[in-house]
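Inside the fold
Here's the letter readout for the chains.
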Amino acid sequence: MSTPAISIQNLTKVYPIPFKREKVTAVQDLSLTVEAGQVYGLLGPNGSGKSTTMKIVLGLVTPTSGRTEIFGRDSNTVESREDVGFLPENPYFYKYLTGAETLDFYGKLCGLSRAKIRDRSKELLKLVGLENAADRRLGGYSKGMLQRIGLAQAMIQEPRLLVLDEPTAGVDPAGSREIRDLILDFKQRGITVLLCSHLLEQVQEICDRVGILDHGVLIREGVLGDLISIENQTEIILENAPPELLAQIREMIGKSSGRLVAEHRPQKTLERYFLDVTGPKQS
Ligand SMILES: Nc1ncnc2c1ncn2[C@@H]1O[C@H](COP(=O)(O)OP(=O)(O)OP(=O)(O)O)[C@@H](O)[C@H]1O
């Protein structure tokens, strides 16, 4: 089996509260594995320990006990960071820098050569749809554009793993969809993604596997489809079914041991409807 992108073993983090004798257990005996190539959703209510877990994986916070690894390398080693790109929850950007200058800055921080930064920056600005805004200052970017330059920044050193903390926070539905599509694009390129989000509808669309934290404890974990499927029910969606066919089906069900639980028209999501009515008009 290939080395997992992330391995978390019996991780616990207890924060002392300054000037008080109390402590906060942010993460408690957490073990989980993110296989390479997956999009993994780490979910949980506010304060459940998601950001703390991410920061420990990234080597930004020291665990109280347990260990975390990135592609087999302990998170507390500098080498483990070579393979990771990170978009924090509230990224701070220099608003007087342009999009291109921002990528230049992060490229230099990662120790990339001038030529490499130039090529990579051009490629990434195109990928995140900011080619035309490359020379505009970030102070004039919308929230969606800022998150996209944040994603480009996280991708500058061609990481194999992307850690994204709330990548669509504060972004409108069209902007969120663009970010969602970008994440799927990264997955297509073989990049592993660890994602924290409260937008469960989006998580459902893009994640292969999810873990749910509650008060620092992993209460559910598994393949998304398995976790949310209702075991003893079957859904059949028919198109253009004539009334006689529906009547026959109802009659057959009536004669069987099965029970018709619901019969209704499938609905599109509110997001899909919103995008349909606000999106570009078809000519
Ligand atoms: N530096 C810190 N010092 C003390 N307590 C902290 C610190 N960072 C986080 N905590 C506490 O640890 C717990 C988990 O916080 P964390 O930010 O990891 O949760 P989260 O799931 O990411 O929340 P959110 O969804 O609001 O971002 C919370 O009770 C929080 O108050």
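Residues numbered from 1 in each chain as written. Predicted model: local features only at pLDDT ≥ 70, side-chain atom pairs only at ≥ 80, totals over all residues.

**A closer look at the site of the ligand**
- Close to the ligand lie Tyr15, Val24, Ala26, Gly44, Asn46, Gly47, Ser48, Gly49, Lys50, Ser51 and Thr52.
- Going through the elements one at a time, β2 (23-34) and α1 (50-57) are the ones with two or more residues in the shell around the ligand.
- Examining the composition of the shell around the ligand, we find that 3 residues originate from one element, α1, more than from any other.
- Across the shell around the ligand, the residue classes tally to 3 nonpolar, 7 polar and 1 charged. (Near = placed C-beta within 6 Å. Helix = DSSP H or I, 4+ residues; strand = E, 2+ residues; numbered from the N terminus. Nonpolar A, V, L, I, M, F, W, Y, C, P; charged D, E, K, R; others polar.)

**Concerning helix α2 (residues 99-109)**
- Among the residues of α2, those classed as buried are Gly99, Ala100, Thr102, Leu103, Tyr106 and Gly107. Taken around the axis of α2, the buried residues stretch over an arc of 160°, which confines them to a single face.
- Along its buried surface, α2 packs onto α3 (114-127) and α4 (143-154).
- Downstream of α2 by one or two residues, Gly111 has phi in the positive range, about 80°. (Buried ≥ 20, exposed ≤ 12 C-beta atoms within 10 Å, placed from the backbone. Arc of directions from axis to C-beta. Contact = placed C-beta atoms within 7 Å.)

**What to know about the UniProt feature "domain: ABC transporter" (unreviewed entry) in the protein**
- Taken from the UniProt record, the annotation "domain: ABC transporter" (unreviewed entry) applies to residues 6-240.
- With 31% helix and 27% strand, residues 6-240 has end C-alpha atoms that lie 47 Å from one another. (UniProt positions renumbered as here; feature names shortened; annotations may be inferred.)

**Some remarks on the sheet that holds strand β3 (residues 39-43)**
- Here 6 strands make up an open sheet; going across it, the order is β6-β7-β8-β3-β9-β10 and the pairing mixed. Two strands in the sheet have a free side with no partner beyond their single neighbour: β6 (84-87) and β10 (217-223). Direction aside, the axes of adjacent strands within the sheet are offset by 15° on average.
- As judged from the 4 bridges shared by β6 and strand β7 (residues 161-165), these two strands associate in the parallel manner. Across the sheet, Leu87 pairs through a bridge with Leu164, a residue of β7.
- The strands that α4 touches are β6 and β7; relative to β6, the one it contacts most, it runs at about 160°.
- Helix-sheet contacts for helix α5 (residues 173-188) involve β3, β7 and β8 (192-196), and the interaxial angle to β8 is about 150°. (Pairing = 2+ DSSP bridges. Axes fitted to C-alpha atoms, helices over the stretch in contact; angles between N-to-C directions.)

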